[in-house]
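Okay, here's what each chain looks like letter by letter:
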Amino acid sequence: MALFEAQNVTKRFATQTALDSVSISVPEQSIYGLLGPNGAGKTTLIRIINQITAPDSGAIFLNGRPIRPDDVHNIGYLPEERGLYKKMKVGEQALYLAQLKGLSHAEAMRRLKYWFKKLEIIGWWDKKIQELSKGMQQKVQFITTVLHEPKLLIFDEPFTGFDPINVKQIKEEILFLRERGATIIFSTHNMGSVEELCDHITLINKANTILEGSVEKIRRDWAANEFNIIFDGEVTPAGNGHFSVLNSDFEAGKSVVRIKATESGDTNEIIKAMTAAGKVVSFNPALPSMNEIFIRVVETRNREAAKN
Amino acid sequence: MNKISLIIRREYITRVRKKSFIIMTLLTPFLFALIFIIPMLVMSNEDKNFKKIAVIEEGSDLFTNVIPDTKDTDFEYLQGVRLNDIKNNFSEMGYYGVLYISPQIVTTPDAIQLISRKQPPIGLLDHISGSLEKEIEKQKLLAYNIENLDEILHTINTSVRIQTIKMDESGSTRETSTGISMALAYLGGFLMYMLVFMFGSMVMRGVIEEKTNRIVEVIISSVKPVQLMLGKIIGVALVGLTQFALWIVLTLALVIVVKSSFLPDGAMEQMQQLPQSFAGADQAMAGAGASTISAEQLTEFQKLFAGALNQPWGLIIFSFIFYFLTGYLLYASLFAAIGSAVDNETETQQFMLPVTIPIILGLIVAMGTMQNPESSLSFWFSIIPLTSPIVMMARIPFDVPAWEIALSMGLMLITIFGAVWMAAKIYRTGILMYGKKTSYKELWKWLTYKG
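Here the structure is a predicted model, which is why all the values come from computation and not from measurement.

### So, the overall build of chain B
Item 1. In terms of regular secondary structure, chain B is built from 17 helices and six strands.
Item 2. A burial count over chain B gives 33% of its 451 residues as buried.
Item 3. Considering only intrachain contacts with a sequence separation of at least 6, the fraction spanning at least 24 residues in chain B is 74%.

### A word on the overall build of chain A
Item 1. The secondary structure content of chain A amounts to nine helices and 14 strands.
Item 2. Taken along its principal axes, the extent of the C-alpha atoms in chain A is 70 × 50 × 35 Å.
Item 3. Counting all 308 residues of chain A, 37% fall into the buried class.

### Concerning the interface of chain A and chain B
Item 1. Facing the 20 residues of chain A at the interface are 17 residues of chain B.
Item 2. Here the side of chain A that touches chain B takes four residues from helix α2 (residues 90-100) of chain A, the largest share from any one element.
Item 3. Across the side of chain A that touches chain B, the residue classes tally to 12 nonpolar, four polar and four charged.

### A closer look at the sheet that holds strand β8 (residues 183-187) of chain A
Residue and element names in this part refer to chain A.
Item 1. As summarised here, the arrangement of the six strands in space is β6-β7-β8-β3-β9-β10, forming an open sheet in which the pairing is mixed. Where the open sheet ends on each side, the last strands, each with one partner, are β6 (75-78) and β10 (208-214). Strand-to-strand twist in this sheet, taken as the mean axis angle between neighbours without regard to direction, amounts to 15°.
Item 2. Bridging between strand β3 (residues 31-35) and strand β9 (residues 200-205) involves four bridges; their strand directions are parallel. Paired with Leu 35 across the strands is Leu 203, a residue of β9.
Item 3. Those strands touched by helix α9 (residues 290-307) are β3, β9 and β10, and its axis lies near 30° from that of β9.

### Describing the confidence of the model for chain B
Residues and elements named next belong to chain B.
Item 1. Here chain B averages 78 in pLDDT, while 80% of its residues score no lower than 70.
Item 2. The model gives residues 266-293 a pLDDT under 50, and that stretch makes 45 contacts with residues more than four places away or in other chains.
Item 3. Quick note on the complex model: pTM equals 0.71, ipTM equals 0.76.

### A word on the pairing of strand β7 (residues 152-156) of chain A
Residue and element names in this part refer to chain A.
Item 1. In terms of burial, β7 is a largely internal element, five of the five residues being buried.
Item 2. Here β7 shows two buried faces, one formed by Leu 152, Ile 154 and Asp 156 and the other by Leu 153 and Phe 155.
Item 3. For β6 and β7, the ladder comprises four bridges, and the chain directions are parallel. When the bridges of β7 are listed, Tyr 77 appears paired with Ile 154.
Item 4. The pairing of β7 with β8 spans five bridges and is classified as parallel. Looking at β8, one finds that Ile 154 is bridged to Ile 185.
Item 5. A crossover links β7 with its parallel partner β8, the connecting element being helix α5 (residues 164-179), and its sense is right-handed.

### Examining the packing of helix α12 (residues 313-341) of chain B against helix α13 (residues 349-371) of chain B
A pair of packed helices is characterised by two quantities: the angle between their axes and the separation of those axes.
All names here are of chain B.
Item 1. Direction vectors running N to C along α12 and α13 enclose 170°, while the axes themselves pass 10 Å from each other. It follows that α12 is roughly antiparallel to α13 by the angle criterion. Here α12 contributes Tyr 331, Leu 334, Phe 335, Ile 338 and Ala 341 to the contact with α13, which in turn contributes Phe 351, Met 352 and Val 355.
Item 2. Counted by class, the contact of α12 with α13 contains eight nonpolar, no polar and no charged residues.

### Observations regarding the sheet that holds strand β1 (residues 51-57) of chain B
Residues and elements named next belong to chain B.
Item 1. What the four strands build is an open sheet, ordered β2-β1-β3-β4; its pairing is mixed. Every interior strand has two partners, whereas the edge strands, β2 (73-78) and β4 (112-116), have only one. When the angles between neighbouring strand axes are averaged without regard to direction, this sheet yields 20°.
Item 2. Two elements, β1 and strand β3 (residues 97-101), share five bridges in a ladder whose sense is parallel. Looking at β3, one finds that Glu 57 is bridged to Ile 101.

### Focus on unusual backbone geometry
Item 1. Residue Glu 120 of chain A is not a glycine yet carries a positive backbone phi of 60°.
Item 2. With respect to the helices and strands, Glu 120 of chain A occurs in the loop between α3 (105-118) and α4 (134-146).
Item 3. A count of 10 C-beta atoms within 10 Å places Glu 120 of chain A in the exposed class.
Item 4. Of note in this structure, Arg 214 of chain B is not a glycine but carries a positive phi near 65°.
Item 5. Counting through the fold element by element, Arg 214 of chain B comes out in the loop between α6 (178-212) and α7 (215-219).
Item 6. Residue Arg 214 of chain B is classed as partly exposed on the basis of its C-beta count, with 16 C-beta atoms lying within 10 Å.

### What about the domain arrangement of chain A?
Item 1. Per the domain assignment, the segments making up chain A are domain 1 (2-219) and domain 2 (224-285).
Item 2. One C-alpha centre belongs to domain 1 of chain A, the other to domain 2 of chain A, and the line joining them spans 43 Å.

### Overview of the nonpolar core
Item 1. Ranked by size, the top nonpolar core spans 133 residues in total, and within it Ile 154 and Ile 184 of chain A together with Val 203, Ala 332, Ala 336 and Ala 423 of chain B carry the most contacts.
Item 2. Examining the composition of this core, we find that 14 residues originate from one element, α12 of chain B, more than from any other.
Item 3. In contact with Ala 423 of chain B, not counting residues within four places along its chain, are Met 229, Ser 333, Leu 334, Ala 336 and Ala 337 of chain B.
Item 4. Of all hydrophobic cores here, the second largest spans 15 residues; its members include Ile 53, Ile 67, Phe 90 and Tyr 95 of chain B.

### Thoughts on the environment of Val 215 of chain A
Item 1. Secondary-structure assignment places Val 215 of chain A in helix α7 (residues 215-222).
Item 2. With near-sequence residues (within four places) excluded, Val 215 of chain A lies in contact with Val 194, Glu 195, Cys 198, Asp 199, His 200, Ile 201 and Met 290 of chain A.

### Things to note about the packing of helix α16 (residues 402-430) of chain B against helix α17 (residues 440-448) of chain B
All names here are of chain B.
Item 1. Here α16 crosses α17 at 105°, and the two axes come no closer than 8 Å. Compared by their axis directions, α16 and α17 come out roughly perpendicular. Between α16 and α17, the residues in contact are Met 422, Lys 425, Ile 426, Thr 429 and Gly 430 and Leu 443, Trp 446 and Leu 447, respectively.
Item 2. Residues belonging to the contact of α16 with α17 are distributed by class as follows: five nonpolar, two polar and one charged.

### Topic: the environment of Leu 447 of chain B
Residue and element names in this part refer to chain B.
Item 1. You can see Leu 447 is positioned in helix α17.
Item 2. Judged by C-beta crowding, with 14 C-beta atoms within 10 Å, Leu 447 ranks as partly exposed.
Item 3. Leu 447 sits 20 residues away from Tyr 427 along the chain, and the two C-alpha atoms are 9.3 Å apart.
Item 4. Once residues within four sequence positions are removed from consideration, Leu 447 is found in contact with Met 422, Lys 425 and Ile 426.

### What about the environment of Gly 327 of chain B?
Residues and elements named next belong to chain B.
Item 1. On the secondary structure map, Gly 327 appears in helix α12.
Item 2. On the basis of neighbour counts, which here come to 27 C-beta atoms within 10 Å, the residue Gly 327 falls in the buried class.
Item 3. Along the primary structure Gly 327 and Tyr 193 are separated by 134 residues, whereas in three dimensions their C-alpha atoms are 9.3 Å apart.
Item 4. Here Gly 327 is in contact with Met 192, Val 196 and Pro 389, once residues within four sequence places are set aside.

What counts, and where the lines are drawn
Residues numbered from 1 in each chain as written. Chains lettered and ligands numbered in written order. Predicted model: local features only at pLDDT ≥ 70, side-chain atom pairs only at ≥ 80, totals over all residues. Helix = DSSP H or I, 4+ residues; strand = E, 2+ residues; numbered from the N terminus. Buried ≥ 20, exposed ≤ 12 C-beta atoms within 10 Å, placed from the backbone. Contact = placed C-beta atoms within 7 Å. Nonpolar A, V, L, I, M, F, W, Y, C, P; charged D, E, K, R; others polar. Pairing = 2+ DSSP bridges. Axes fitted to C-alpha atoms, helices over the stretch in contact; angles between N-to-C directions. pLDDT = per-residue confidence, 0-100. Right-handed = clockwise from strand over helix to strand, strands pointing away. Parallel < 35°, antiparallel > 145°, perpendicular 65-115°, else oblique. Domains from an automatic or database assignment. Core = buried A, V, L, I, M, F, W, Y, C linked by C-beta atoms within 7 Å.

If you want it as structure tokens, here you go:
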């Protein structure tokens, strides 16, 4: 069941269309990637979900019913352009933001203590924000986003500013939040983390959805019928009616060969040819990375648009 | 509603805790107190040293003994001494100064010199010139050979003091003091100007801060922009009221402490006349220039006091609070809208001008109002909401018809709703706009956005 749904959302500003009849459907307890080049309309869509701005037309549903003003309590939002009051103390500020989200003072305190301990920043409670490093500030902001345990979390580029250790920690926290029932909309340009975290994605370009679906399926759909084979020893299989060899490398006693199946290529025949050629260590379909797909889809679209 | 109160609380607490707030709140009373205390000190420390002044006339003795001695100054009329004999060593001879009267005095009035080491007090100069003027007048009159001149002079010696009485339509009268009305007008108008400006721009800086450090997006995903804006405006208003109250209390406390511990008794007695009214201060100080208070001066004080009591205090206080709150609300919302439309404080200038002009215009008209409270310029500016808080405050001590006050206040209330509505529209869009410089055209577009 979809926790969140946007149907044909359109938003126009004076000179441009930010969103042109965009629809997304976010399954419950999934991580949903909202992708797109800069200026595609992602931020506008996120602001509409947060009810910061209203769409010109289209409908927004949360939990199967039209979204309501008090649903802000069910949403947690970590904006890309992050900011906190620089001169306010960390704890005070987190408490303030939690109370604005509707938590009582006592409950907010209890949860803050838990999260501050968990992310190892309890010692920073009485420091001012401006005394913190960028990563520390990000952690504080992450906590204030998830503290009220919203059903829907929106993270816009959550990993910028973090070192690899903290990136790992935050990734784990995001997966943990999903396990505990949260649904996450995740906007980023970091395609590596999309492959790692996202179940579904939507790719928005110039106010329109151009690609949509589960990450697995998209990668398979975009696979160019290519395979990676690793052989023991130096082996170079010869192409036949079923496949052609794209390239082959020999390194550290192993051969890495990339082949492309022909139109009428039969996988069983290919495998047979491989096992005949040498000792096969592994045989994998070569899935394109999300990065490649992103670039190909967007560039194709833009070329088409330029032609018209 | 609960969220607005959270916002108000944060705005209030973070500002009140700031070092700059604490320093301003503590230091300003010293400045205020100085304004009261310095005149007291000057008065009580006025050169009380006994002075001897040598009077030299060359070639005549017309003015011998003309200048009477005062309590602390003796005039010695030296006969047959030339100015050059004494000019360089009068100080060693024990004189404070040398008064040289040249024979041309009757025809050329500036033929008098007072030579001294120090700047002589103004009272002394007045005393000398007054005495000499009178004598010269007398000499000139004598030249007309009028009989019984002394008697005539005595009977024509008059002094005029105007008693101002205001009479309303029912015929009941009360004594008023134009001096006090003017002082109140000045104080009311100027204070209004200062407060509206100071706290209005505090709101603006707050909005810019939230916008530039991007926290605004986090907050308006929890509350409505208009709640954030109103919370800030109300929070700052409370800061203003707190600071204002502390200033009054601390200033009074300081004045009392200084008065009782540093000033001699004599000065204290004089100053006891002062608290009766701020407004009386100027006149009281002038009156107290001579070191004892004459009976005449005392009645003067009583009149001032009565005049102060007869001011419509209830109305003044009510209007002050009303116009402070409404004027502040009006300008603070405009300032908030400006703050939301820019990326940093230097960019505010292009939008500040249209907001600043009415305030300054108001102040200028308010100053003119003191001279002529009934002018049509004053009337219109006290009705138009952008200037009415300042100008009406300057008019009220001079009695304003009730319908004018009602009209002014009514218009003000309507305008506030308009201003807050407009500001909220601009604010809502502005706080999320980054990077490009905003034009008036753009502001207009924001005003007309729906949703």
